[in-house]
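# Residue-level structural notes
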Amino acid sequence: NRSLLTSTSSSIMTRQEMLHQAGRDLIRILTLLVVGMEKELASVNDNADVQSEDARAKHLTTKELNESIEITSKILLDYARRHPDVDERRDNSRGGSKSHPSSSFHPLPPGRVQGKKHHGPPKGKGGKGKKSQPTDSPLLRIGDALQRTTSFLVEPSSTTTTTLRWEIIDYLCGVLDLDTEQELAEKEAASSTEGGDASPINDLGSAGSILKLIVLNRSAVEDPGIETEELTDNDSVSTLGQSSQSGSASNSGNCFLTVVHRLAASKSTSARVSACSLGPVLWSHLDFPRQLQLRGVITRALHDVEVIVRKATATVLHEIAELVFDRRAVPWLVLMCERSMTDPEPQLRAAAMTLTWHLAEHLPNAFLGDARKGSSSIRRLPPRSDPTFMDVYLLQCKLLPVASNLAEDRIASVRLSVAAQCDRLCNALGEHWFSVIIDLLQALISDGDDRVRSEAILCMPRLVESVVIGTTTGHNITVLESLLPQAVKIQKDSSTIVRSALATACGELLVFLVGADDRSSNEPPSSPGRAAISTPSLYKKHVDDTLIPILQKLLQDTNPEVTTASLRAVTNASRSSARDSSTRIPTCSHRVDTIDDDLASISSHQSHTSFDRTKPVFIPVLSEEQVLRLLPTLSNLATSAQWRVRQSAVEIVPALLGCTYRHETRHEISKFCVRLMGDKVDSVRRTAAECLCLGGSSLARHGEDDGGEWITNIVIPHLKSCSRSDDSKQRLLSLKMIEIIITNGLCPATFKGADNVNSSLSSCDESVLGSVAESPVRMILDIAASLASDRVANVRLNVGRVLASIMLLLETSDVDFSVNVIEKQLHDERGRPQGGDRDVVYFAQQALMLSQSPRRRSLSH
């Protein structure tokens, strides 16, 4: 095997000649592959009756072999036709004789392609359908052929591929030696990005990817899988420090270590990157002496002069950290973290932070983990009484200075990486390091760079959650007393992105702290607003004295981006999603405006999905007193010069209503909506009307009576007031409200609090009062009917449009009423001069058609 891995290139050959030789070698290998698969196919056909089912399952089927032969033959023929005859030009320049066109430069593939005779390479304007690619280099043509034959070259169940394995590996190593400028990697990465399936393996190029797949497949197939017996505490192996649960004694990767050494010694960057990429593949399949050799290769790669090789090595170390179940390898990984911390490239120093917390997270696995379960089963830090606690603790003492030094790096991007991952480091190191990490985040919140401060403040709620959930002592209060004063200072920061990040962080922290109080008091989750009032709260002081004032201050910020972020935070705090805090995945965004928000059109409000449709969408977080404290601030935003700020301010009304229980508070919130329903901007008016109507859906979470009373006592009186307005825009708005109420099923079956409604509608005529006693839906339809003969055509046509949109949702008696309204409107419209407005007639006819549709009749039955 080692003889096959010796370099065949001569020192007197130019690069162009070496590429030509590589092309000839590829033709030879593909030809051998086709010939071998044909022999394999003949063997399968001859032994089809003799082989057992198990034997057949281990080899390719007849159909698979036929398809492989056909596809490989076409690829071979296509490449052979385009292969340049460099030797002819070289011989001509030296006065040599020409080689014959039918020489071995273009061998014909066997099989069914053999009948297609071809003499020499095609000329530039020759065959049909063949596009000449003069810009493609010989190396890229080789890479294209390799990429197209990848599945055949790495097939582990093929006898031919197994026989040619070392021949293929030797060829791939030669190609990687030639790819000094990473042409194959750039080509494959570009094509993968266009195709949408980019992955880390594409960074290796076609040759490196195939080599990695071959090693991966053969290591897995040849793994003996011998389970070792459980070792006792007194075993000599345990004394050496090896895990007593090391899994399987796998040495199947030993034979591939020579490949790693050859690639690592190459002058080609692609070869050295590929050598590093084989590290995680081989790690679990090497015995300990050969693991030491692999560690030497990776250590040298981390000191490579090329930045891209060092970056690839950092990724490899991240993967190996998950595979270490032997305590003897841990000091070496810690040393690699320290080396990455001092790298001259800032991106690599930032990656050292990721490697640090990732290694800290997997440290217990090296002492207590089970290799058979893999890295998916992460062991926690052992208790202090455990003998291995001190070993893990001492290694953590070496890892923590790495993060501390990176937090003081002169490059802001490195410090930003630390700020974004403090919570991960906190989870990985354990409770006894909480105070150190809290101090670390405090320093980053006061950093001189805007982006670092922004990322640090975004990390604050995640760190608080990690400390509160993971603590058994008083750190849960200490973390708030340490970080919240920093947040108070940040609210006056000169940077817009920092203040926006603070608003987002305060909203997330508000949700978590109120939820933590609810869990500690064991109150039912349906009424946390009341629990916050009636029961003593562990975190209520921090919420009322710090978080709410910060949000009030940011809501009055002069910058619209900060105000919008604050409104988003209040909305998310008022309408928290039902999810377990333990399932949260911390995210670090460098741009505040990329965070998903609730500023989309409120018309999609009811389409929000949750994990379980039977669970409420709205889970109130703020107490009623906290909502009352926010109302004056929101009222001031209603007068903002920015119409988007006014719209965002009213969008949080449904969420705030879900936190209220008293009619007086809800009445104050309704005034806020009604004020903006008269805004000069149409989008603001529509949003205010939608929020006023949709507020009933939030109240319905408390009970049917709450939602029904909101519609009957608040919405319907304002709806009638809009329908009688002299402004046609208000009359159109009333029709929009009718559509929202009926479409979302917000109208109760009967009136709740009818006395209040009758007193507020005392000016109505007798027919209207009769409809009130009958049904709130009929009351709303009667308001629409009063606009059917409006003097403005746009209002009249919207009556037909709205009735058509709700026709399928009405009861039979209400449909009959609507049909009478439409028929009367149609009759009156045609009696107008010139036959009336054609759009009014069109929408009226559409409504009548829908009332008689088969679907309408099936729903009524």
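As shown above, the structure is provided for reference.
Residues numbered from 1 in each chain as written. Predicted model: local features only at pLDDT ≥ 70, side-chain atom pairs only at ≥ 80, totals over all residues. Heavy atoms only, no water.

## Regarding the pattern of salt bridges
Counting across every chain of the model gives 29 salt bridges. Asp 304 is paired through a salt bridge with Arg 272; the nearest N and O atoms lie 2.8 Å apart. Residue Asp 304 is located in the loop between helix H14 (288–302) and helix H15 (307–321), and its partner Arg 272 is located in helix H13 (residues 269–283); the two are separated by 32 residues in the primary sequence. In this structure, Asp 304 and Arg 272 share a single accessibility class: buried. Put simply, Asp 828 and Lys 824 hold a salt bridge, and the shortest N to O gap is 3.2 Å. Of the two residues, Asp 828 and Lys 824 are both situated in helix H39 (residues 812–830); the distance of 4 residues between them amounts to about one turn of the helix. The class for Asp 828 is partly exposed, based on a relative accessible area of 33%. A single network of salt bridges, built from pairs that share partners, joins Asp 78, Asp 144 and Arg 148. (Salt bridge = Lys/Arg side-chain N within 4 Å of Asp/Glu carboxyl O. Helix = DSSP H or I, 4+ residues; strand = E, 2+ residues; numbered from the N terminus. Buried < 20%, exposed > 50% of the residue type's maximum accessible area, 1.4 Å probe, protein only.)

## Concerning H14
Spanning 15 residues, H14 covers 21 Å between terminal C-alpha atoms, matching the ideal 21 Å at 1.5 Å per step. All of the buried residues in H14 are Gln 291, Leu 294, Arg 295, Val 297, Ile 298, Ala 301 and Leu 302. Down the axis, H14 shows its buried residues gathered within 160° of arc, on one side only. Seen from the open side of H14, the exposed residues pointing more than 90 degrees away from its buried face are Pro 289 and Arg 300. (Expected span 1.5 Å × (residues − 1). Arc of directions from axis to C-beta.)

## Focus: the packing of helix H17 (residues 346–368) against helix H18 (residues 389–406)
Axis separation between H17 and H18 bottoms out at 10 Å; the angle between their running directions is 170°. The angle between H17 and H18 falls in the class roughly antiparallel. In this structure, H17 uses Arg 349, Ala 352, Met 353, Thr 356, Leu 359, Ala 360, Leu 363 and Phe 367 to contact H18, whose residues at the interface are Asp 391, Val 392, Leu 395, Gln 396, Leu 399, Val 402, Ala 403 and Leu 406. In terms of residue class, the contact of H17 with H18 is made up of 12 nonpolar, 2 polar and 2 charged. (Axes fitted to C-alpha atoms, helices over the stretch in contact; angles between N-to-C directions. Parallel < 35°, antiparallel > 145°, perpendicular 65-115°, else oblique. Contact = heavy atoms within 4.5 Å. Nonpolar A, V, L, I, M, F, W, Y, C, P; charged D, E, K, R; others polar.)

Such coordinate-based values are descriptive only and should not be taken to indicate function.
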